[in-house]
Amino acid sequence: MSITEILFWFLSALALGGALMMVTSKNPVYSVLWLVVVFFAISGHYILLNAQFLAVVNIIVYAGAIMVLFLFVIMLMNMNADNEPQKNKWLKIAGAVAGGSLMLVFVAALRQTETLQAQLVNMGGEAGLIKTLGKTLFTDYVLPFEISSVLFLSAMVGAVVIGKKGD
Amino acid sequence: MPINYYIILAVALFSIGVAGVLTRRNAIIIFMCVELMLNAVNLLLVAFSKMHAANAMAVNPSAIVGTEAQLFVFFIMVVAAAEVSVGLAIIVMMYRNIHSVDVNFLNRLKH
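Residues numbered from 1 in each chain as written. Chains lettered and ligands numbered in written order. Predicted model: local features only at pLDDT ≥ 70, side-chain atom pairs only at ≥ 80, totals over all residues. Heavy atoms only, no water.

Peer 1: Give me the overall build of chain B: which residues, what numbers.
Peer 2: Across its full length, chain B holds three helices and zero strands. For chain B, the sequential pattern of α-helices and β-strands runs α-α-α. The globule rule puts the C-alpha radius of gyration for 111 residues at 13 Å, and the 19 Å found for chain B is more than 25% above it. The buried share of chain B, reckoned over its 111 residues, is 61%. Counting contacts in chain B only where the partners sit at least 6 residues apart, residues at least 24 apart contribute 60% of the total. Carbon and sulfur atoms form 70% of the exposed surface of chain B, whose accessible area is close to 4,500 Å². Counting 6 positive and 4 negative side-chain charges, chain B places the averaged centre of each group 12 Å from the other. (Helix = DSSP H or I, 4+ residues; strand = E, 2+ residues; numbered from the N terminus. Rg over C-alpha atoms; globule rule 2.2 N^0.38 Å. Buried < 20%, exposed > 50% of the residue type's maximum accessible area, 1.4 Å probe, protein only. Contact = heavy atoms within 4.5 Å. Areas by Shrake-Rupley, 256 points an atom, 1.4 Å probe, with all protein chains shown as cover. Lys, Arg positive; Asp, Glu negative; His and termini not counted. Charge placed at Lys NZ, Arg CZ, Asp CG, Glu CD.)

Peer 1: Account for the overall build of chain A, with residues named and values stated.
Peer 2: Scanning chain A from terminus to terminus reveals six helices and zero strands. Counted over contacts in chain A with a minimum sequence separation of 6, partners at least 24 positions apart contribute 62%. Counting only carbon and sulfur atoms, one obtains 72% of the accessible surface of chain A, whose full area is about 10,000 Å².

Peer 1: Explain the packing of helix α1 (residues 3-24) of chain A against helix α2 (residues 28-48) of chain A to me, and be specific about the residues and the numbers.
Peer 2: Residues and elements named next belong to chain A. Packing of α1 against α2 brings their axes to within 8 Å, and their N-to-C directions diverge by 155°. Taken as axis vectors, α1 and α2 run roughly antiparallel relative to one another. Crossing of α1 against α2: the hand is left-handed. For the pair α1 and α2, the contacting residues are Thr4, Leu7, Phe8, Leu11, Ser12, Leu14, Ala15, Gly18, Ala19, Met21 and Met22 in the first and Ser31, Trp34, Leu35, Val37, Val38, Ala41, Gly44, His45 and Leu48 in the second. When grouped by side-chain class, the residues that make up the contact of α1 with α2 number 14 nonpolar, six polar and no charged. (Axes fitted to C-alpha atoms, helices over the stretch in contact; angles between N-to-C directions. Parallel < 35°, antiparallel > 145°, perpendicular 65-115°, else oblique. Left-handed = near helix turned anticlockwise from the far one by under 90°. Nonpolar A, V, L, I, M, F, W, Y, C, P; charged D, E, K, R; others polar.)

Peer 1: Mind laying out the interface of chain B and chain A, listing which residues take part and the relevant values?
Peer 2: The parts lose accessible area when they come together, and the size of an interface is often stated as this lost area. Taken together, the contacts link 69 residues of chain B with 81 residues of chain A. Here chain B packs against chain A, burying approximately 7,000 Å² in sum over the two surfaces, 79% of which is carbon and sulfur. When the area that chain B buries against chain A is broken down by residue, the three leading residues are Met1, Met32 and Lys50 of chain B, summing to 11%. Taken together, the links from chain B to chain A amount to zero salt bridges. Applying the counting rule to chain B against chain A returns six residue pairs in polar contact (both at pLDDT 80 or more). The dominant element in the side of chain B that touches chain A, judged by the number of residues it contributes, is helix α3 (residues 67-98) of chain B, at 24 residues. Here the side of chain B that touches chain A is composed, by residue class, of 50 nonpolar, 12 polar and seven charged. (Buried area = accessible area lost by both parts, 1.4 Å probe. Salt bridge = Lys/Arg side-chain N within 4 Å of Asp/Glu carboxyl O. Polar contact = N/O pair within 3.5 Å; in protein donor to acceptor, adjacent residues only side chain to side chain.)

Peer 1: Kindly report on the packing of helix α3 (residues 52-77) of chain A against helix α2 (residues 27-59) of chain B, identifying the contributing residues and their values.
Peer 2: The contact between α3 of chain A and α2 of chain B brings their axes to 12 Å, and the two run at 175°. Between α3 of chain A and α2 of chain B, the angle is such that the two are roughly antiparallel. Residues Leu54, Asn58, Tyr62, Phe70, Val73, Ile74 and Met77 of chain A of α3 of chain A lie in contact with α2 of chain B, whose contacting residues are Ile28, Phe31, Met32, Glu35, Leu38, Asn39 and Val46 of chain B. Of the residues assigned to the contact of α3 of chain A with α2 of chain B, the class counts are 11 nonpolar, two polar and one charged.

Peer 1: Any chance you could break down the nonpolar core for me, citing the residues and the numbers?
Peer 2: Counting residues in hydrophobic clusters, the biggest one holds 63 residues, and the most contacted among them are Tyr46 and Phe70 of chain A together with Ile28 of chain B. Elements with a contribution of two residues or more to this core: α1, α2, α3 and α5 (130-139) of chain A together with α1 (3-23), α2 and α3 of chain B. Beyond its immediate chain neighbours, meaning those up to four positions away, Phe70 of chain A contacts Val32 of chain A together with Ile28, Phe31, Met32, Glu35, Val84 and Leu88 of chain B. (Core = buried A, V, L, I, M, F, W, Y, C linked by side-chain atoms within 4.5 Å.)

Peer 1: Any details on the packing of aromatic side chains? Residues and values, ideally.
Peer 2: Tallied over the entire structure, the rule returns 10 aromatic pairs over all chains. Where Trp9 of chain A meets Tyr5 of chain B, the ring centres are 5.4 Å apart and the plane angle is 50°; that geometry is what we call tilted. Taken together, the residues span two chains, with Trp9 of chain A in helix α1 and Tyr5 of chain B in helix α1. For Trp9 of chain A, a relative accessible area of 40% translates into the label partly exposed. (Phe/Tyr/Trp six-rings, centres within 6.5 Å; stacked < 30°, edge-to-face > 60°.)

Peer 1: So, the confidence of the model for chain A: which residues are in play, and what are the values?
Peer 2: Summary statistics for chain A give a mean pLDDT of 85 and a share of 86% for residues scoring 70 or more. Per-element confidence in chain A ranges from a low mean pLDDT of 87 for α5 of chain A to a high of 93 for α2 of chain A. (pLDDT = per-residue confidence, 0-100.)

Peer 1: Quick rundown of the environment of Ala15 of chain A? Include the residues and the values.
Peer 2: Tracing the backbone through its elements, the reader meets Ala15 of chain A in helix α1. For Ala15 of chain A, the contacting residues outside a window of four places in its chain are Val38 and Ala41 of chain A together with Leu13 of chain B.

Peer 1: Could you give an account of the environment of Gly64 of chain A, with specific residues and numbers?
Peer 2: By the secondary structure assignment, Gly64 of chain A is in helix α3. A sequence separation of 32 residues divides Gly64 of chain A from Val32 of chain A, and the C-alpha atoms of the two residues are 11 Å apart.

Peer 1: Which residues make up unusual backbone geometry, and what values go with them?
Peer 2: Residues and elements named next belong to chain A. A positive phi angle is found at Asn50, which is not glycine, with a value near 65°. Relative to the helices and strands, Asn50 is located in the loop between α2 and α3. Classification of Asn50 as buried rests on a relative accessible area of 12%.

In structure tokens:
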């Protein structure tokens, strides 16, 4: 078993376990912390897949900024396990069964295909480095980049307008 | 590493996200499950880009391919960040009005 495979299985177990704990934990704060674990595991997967820039961005943006935002909102609302919305037990079982059947359908549909047997050969690719990505981003994709800045500005203005107190 | 493993991992993460959306009644947790689903799809995109790059490099070793899919993931992250800011503002607004984030109480559009 090579080091890549060991890392793959470890990170996969971490991601799946973190995701399960995130869905099942009663306290929303613990949910956020488990989601941070999942994001770190996914960043590890990105490094394994030669996407170093995305790994760093994932940690900074998701595990850092967005999760702090979530935690801030949860703390602001003063939520804990006590005032967790009361839910039907059958609803939980039905949701778990629905999610499990969705996964079953996906796996069954993808299992038979032959082209999926392609191997991910490990080579020192340059595709994920910030140099190549930046070159592509600022030549071919410069218009979507600028448009996304406008999107960010409008999202910021929209968040301020929505969150403004009083009419 | 066969790509099947990555596909099954992404599918499992996506299904956990779907199950979380269906089972949890807390609006913030539902939002976090949506983030989890986005990340599962991102992981799948990166895995496919790696496979594509490996195939293209076998033909032409000096080619640099696979950057497009990673940029796509980058743009997905950008849009997700914008979505989170607006969505959390909406949730805070909702909490201010009805003092709860339980989606069972959010059926006002029905009446």
